[in-house]
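# Breakdown of the fold
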Amino acid sequence: MNLDFSQIVPYIPFMLEGVWVTLQFVIISIIFGFILGSLIALVKISDIKGFKFIADAYTSVFRGTPLILQLLLIYYAIPQLTGYDISPFLSAILTFGLNSSAYVSEIIRAGIQAVDKGQREAAEALGIPYRPMMLKIILPQAMKNILPALMNEFITLTKESAIVSVISYLDLMRRAQVVASDIYRNFEPLLFVGVLYYIMVMILTIAGKYVEKRMRASD
Amino acid sequence: MIKVEQLHKSFGENEVLSDLNTSIERGEVVTIIGPSGSGKSTFLRCLNLLEKPTSGHVFVNDTDITNPKVDILKVREQIGMVFQHFHLFPHMTVLDNLTYAPMTVKGMKKDEAVRKAKDLLERVGLSDKTNAYPNSLSGGQKQRVAIARALAMEPELMLFDEPTSALDPEMVKEVLDVIKDLAHSGMTLAVVTHEMGFAKEVADRVVFMDQGKIVEETQPKTFFDQPKTERAQNFLDKVL
Ligand SMILES: Nc1ncnc2c1ncn2[C@@H]1O[C@H](COP(=O)(O)OP(=O)(O)O)[C@@H](O)[C@H]1O
Ligand SMILES: [Mg+2]
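Just so we're clear, the structure is a prediction, and the values are computed from it rather than from any experiment.

## A few points about the sheet that holds strand 6 (residues 79–82) of chain B
All names here are of chain B. In spatial order, the strands read 6-7-8-3-9-10; together these 6 strands make up an open sheet with mixed pairing. A single partner strand is all that each edge strand has here, and the edge strands are strand 6 and strand 10 (213–218). Ignoring which end each strand starts from, the neighbouring axes of this sheet average 15 degrees apart. Of the strand pairs in this sheet, strand 6 and strand 7 (residues 157–161) are connected by 4 bridges, and their pairing is parallel. When the bridges of strand 7 are listed, Met81 appears paired with Leu159.

Pasting the structure below:
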């Protein structure tokens, strides 16, 4: 065994900053993904045939291809096709936002459709129009199913976010690689950021459990 | 008040209602009985377009609600419905369950809606549950709240789809008593039920359905004492 953690000490602030960089683009991506995903979910539960098909196709493509492929396509294809030199940051939030919107739209659709259909019938029988029915009767109940699943999506995204290191975006993962090549040691910096990822995911998991418990308490 | 002409309803290939013709007069209490799967619920749901008839006409106060131009929300305002499984809004208090639709649909002022809701809760004997959530109530209490919720819209007609079938036996009476009280107040009612005692006692008319058709339609006494058809006879032999 030839481990020497003392060598990474000077790099610790540099790597810790990566936590923030990673969280920053994950949070922006999830907000972007949530807004777009909600709109797509609304299309999915509507009766507008053509749009519905597009929404389903969109979801299917983003869920059916590797995330890293989507990332590289956006990072390399956009400059090649449009001449616009897209930054790693923008590529990252675009990829993760679009990708996550596909998953989020499924989460929201499933959450809404899991609400007892008697709720909708009761609202309709009372003459309540579509919008207030959705906003005040269906969605508040769907949230119970949606929020915990969204937290899971957040966790998944945080872990998967490490692949943006391939386009040289200086996230937590990339910083470990930079340190590794500086000090000619791989294990120590990788182990260090591994622990940081684990802590982030654990914090999110605990937050998710809390949300879930709150939701169940309101039953 | 309601007139049904040549009503047909199919789900895919399966014809569930075939050629129903009947009417309900203002103030009348009609009970609809028949074996399970005979189309009673579907018929009731065609009256407020929760199911869309395949063909035929349903007139509510002379408006043909099968006409696509009719604003169905306006029609539903006048028709209350009570379901077998209550379908109260679980995230709202009992009071909010009663006030939400009048405020949202009719633009009723909050204090007026609350006052009316409290009157109704008193009428169904649940004043003490005003601020409770539905999940804390017994089945019989839930159904009484559901009736009050429908009444809060001040409908001209109330539809009941097996309102006591999901209840424990000891709670059936409290719900039937509320419905009887409504019947005596002159409200127009259409009640799908398996409670033959209730049908006998309260109904002005019994509609007997079997296999998607109205087989007999007559006064309760005549129906229960001298059913005309063999199908009705067989049904009564089973349930009485
Ligand atoms: N939404 C539906 N889709 C397909 N078939 C249905 C639907 N609702 C009812 N049916 C069928 O219609 C028939 C009559 O059902 P229903 O009106 O519920 O009868 P009842 O209330 O007398 O028991 C049954 O055979 C049932 O399976
Ligand atoms: Mg039924």
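## Some thoughts on the site of ligand 1
All names here are of chain B. If you check the shell around ligand 1, you find Phe11, Val16, Pro35, Ser36, Gly37, Ser38, Gly39, Lys40, Ser41 and Thr42 and nothing else. For ligand 1, an oxygen atom lies 2.7 Å from a polar atom in the backbone of Gly37. For ligand 1, an oxygen atom lies 2.7 Å from a polar atom in the side chain of Ser41. For ligand 1, whose free accessible area comes to 560 Å², the fraction covered by protein is 58%. The leading source of residues in the shell around ligand 1 is helix 1 (residues 40–46), at 3 residues. Among the residues forming the shell around ligand 1, the class breakdown is 3 nonpolar, 6 polar and 1 charged.

## Concerning empty space enclosed by the protein
Inspection of every chain in the model, using the stated rule, returns 2 cavities of 30 Å³ or more. Each pocket or cavity is described by its volume, and for the largest cavity that value is around 50 Å³. Taken together, Ala122, Ala125 and Leu126 of chain A together with Ile79, Gly80, Met81, Phe83, Ala146, Arg149 and Ala150 of chain B make up the lining of the largest cavity. Elements supplying a minimum of two residues to the lining of the largest cavity: helix 5 (117–125) of chain A together with strand 6 and helix 5 (139–151) of chain B. Here the lining of the largest cavity is composed, by residue class, of 8 nonpolar, 1 polar and 1 charged. Computed from the structure, the second largest cavity encloses a volume of approximately 30 Å³. In terms of lining residues, the second largest cavity is bounded by Thr22, Ser23, Ile24, Val30, Ile32, Phe43, Arg205, Val207 and Glu217 of chain B. When residues of the lining of the second largest cavity are traced back to their parent elements, those giving at least two are strand 2 (14–24), strand 3 (29–33) and strand 9 (205–210) of chain B. Here the lining of the second largest cavity gets 3 residues from one element, more than from any other, and that element is strand 2 of chain B. A breakdown of the residues in the lining of the second largest cavity according to their chemical character gives 5 nonpolar, 2 polar and 2 charged.

## Observations regarding the UniProt feature "transmembrane region" (unreviewed entry) in chain A
Residue and element names in this part refer to chain A. UniProt marks residues 20–43, 55–78 and 190–211 with the feature "transmembrane region" (unreviewed entry), using the numbering shown here. Span residues 55–78 is 92% helix and 0% strand, its end C-alpha atoms 22 Å apart. Helix makes up 100% of residues 190–211 and strand 0%, and the two end C-alpha atoms of the span are 31 Å apart.

## Comments concerning the interface of chain A and chain B
Contact residues are listed per partner, giving 18 residues for chain A and 22 residues for chain B. Where chain A abuts chain B, roughly 1,700 Å² becomes buried across the two surfaces, and 67% of that area is made up of carbon and sulfur atoms. The interface formed by chain A and chain B includes 1 salt bridge. In terms of residue count, the dominant contributor to the side of chain A that touches chain B is helix 5 of chain A (7 residues). When its residues are assigned to classes, the side of chain A that touches chain B shows 9 nonpolar, 4 polar and 5 charged.

## Thoughts on the environment of Gln7 of chain A
All names here are of chain A. Tracing the chain through its elements places Gln7 in the segment before helix 1 (12–45). Through-space distance from the C-alpha of Gln7 to that of Phe53 is 55 Å; in sequence the pair is 46 residues apart. Once you skip the residues sitting within four places of it in the chain, Gln7 turns out to touch Ile183 and Arg185.

## A word on the packing of aromatic side chains
In this structure the tally under the stated criterion is 8 aromatic pairs over all chains. Plain terms: the ring middles of Phe25 of chain A and Phe96 of chain A are 5.2 Å apart, the flat faces sit at 80 degrees to each other, and that makes the pair edge-to-face. One end of the pair, Phe25 of chain A, is in helix 1; the other, Phe96 of chain A, is in helix 4 (residues 88–113), with 71 residues separating them in the sequence. Each member of the pair, Phe25 of chain A together with Phe96 of chain A, is buried. A ring pair is formed by Phe208 of chain B and Phe235 of chain B, whose centres lie 5.3 Å apart and whose planes are at 45 degrees; its orientation type is tilted. One end of the pair, Phe208 of chain B, is in strand 9; the other, Phe235 of chain B, is in helix 9 (residues 230–239), and 27 residues separate them in sequence. When sorted by exposure, Phe208 of chain B lands in the same class as Phe235 of chain B, which is buried. Here the aromatic cluster, defined as three or more aromatic residues joined through ring pairs, consists of Phe25, Phe89, Phe96 and Tyr169 of chain A. The ring of Phe14 of chain A carries the charged tip of Arg175 of chain A above its face, separated from the ring centre by 4.8 Å. Over the ring of Phe89 of chain B we find Arg149 of chain B, and its NZ or CZ is 4.5 Å from the ring centre.

## Observations regarding the UniProt feature "domain: ABC transmembrane type-1" (unreviewed entry) in chain A
Mapped onto this numbering, the UniProt entry annotates "domain: ABC transmembrane type-1" (unreviewed entry) at residues 19–208 of chain A. Across residues 19–208 of chain A, helical content stands at 84% and strand content at 0%; the span's end C-alpha atoms are separated by 19 Å.

## Here's the deal with the side chain of Arg144 of chain B
Residues and elements named next belong to chain B. With respect to the helices, strands and loops of the structure, Arg144 is situated in helix 5. The class for Arg144 is buried, based on a relative accessible area of 11%. Looking at Arg144, its side chain comes within polar contact range of the side chain of Glu174, at 3.0 Å. Contacts of Arg144, omitting those with residues within four sequence positions, involve Val124, Gly125, Leu126, Glu174, Val175 and Val178.

## Focus: the environment of Thr188 of chain B
Residues and elements named next belong to chain B. Looking at where Thr188 falls in the secondary structure, it is placed in strand 8 (residues 188–192). Expressed as a C-alpha distance, the spacing of Thr188 and Gln211, which sit 23 residues apart in the sequence, is 26 Å. Apart from the residues lying within four places of it in its own chain, the contact partners of Thr188 are Met1, Ile24, Glu25, Arg26, Gly27, Glu28, Glu156, Leu157 and Met158. Only 3.5 Å separates the side chain of Thr188 from the backbone oxygen of Glu156, close enough to count as a polar contact.

About the thresholds
- Residues numbered from 1 in each chain as written.
- Chains lettered and ligands numbered in written order.
- Predicted model: local features only at pLDDT ≥ 70, side-chain atom pairs only at ≥ 80, totals over all residues.
- Heavy atoms only, no water.
- Pairing = 2+ DSSP bridges.
- Helix = DSSP H or I, 4+ residues; strand = E, 2+ residues; numbered from the N terminus.
- Axes fitted to C-alpha atoms, helices over the stretch in contact; angles between N-to-C directions.
- Near = heavy atom within 4 Å.
- Polar contact = N/O pair within 3.5 Å; in protein donor to acceptor, adjacent residues only side chain to side chain.
- Areas by Shrake-Rupley, 256 points an atom, 1.4 Å probe, with all protein chains shown as cover.
- Nonpolar A, V, L, I, M, F, W, Y, C, P; charged D, E, K, R; others polar.
- 1 Å grid on protein atoms, 1.4 Å probe; cavity = no way out; pocket = protein on both sides within 12 Å on 5 of 7 lines; lining within 4 Å.
- Points joined across faces, edges and corners; volume = space filled by probe spheres on them.
- UniProt positions renumbered as here; feature names shortened; annotations may be inferred.
- Contact = heavy atoms within 4.5 Å.
- Buried area = accessible area lost by both parts, 1.4 Å probe.
- Salt bridge = Lys/Arg side-chain N within 4 Å of Asp/Glu carboxyl O.
- Phe/Tyr/Trp six-rings, centres within 6.5 Å; stacked < 30°, edge-to-face > 60°.
- Buried < 20%, exposed > 50% of the residue type's maximum accessible area, 1.4 Å probe, protein only.
- Lys NZ or Arg CZ within 6 Å of the ring centre and 35° of its normal.

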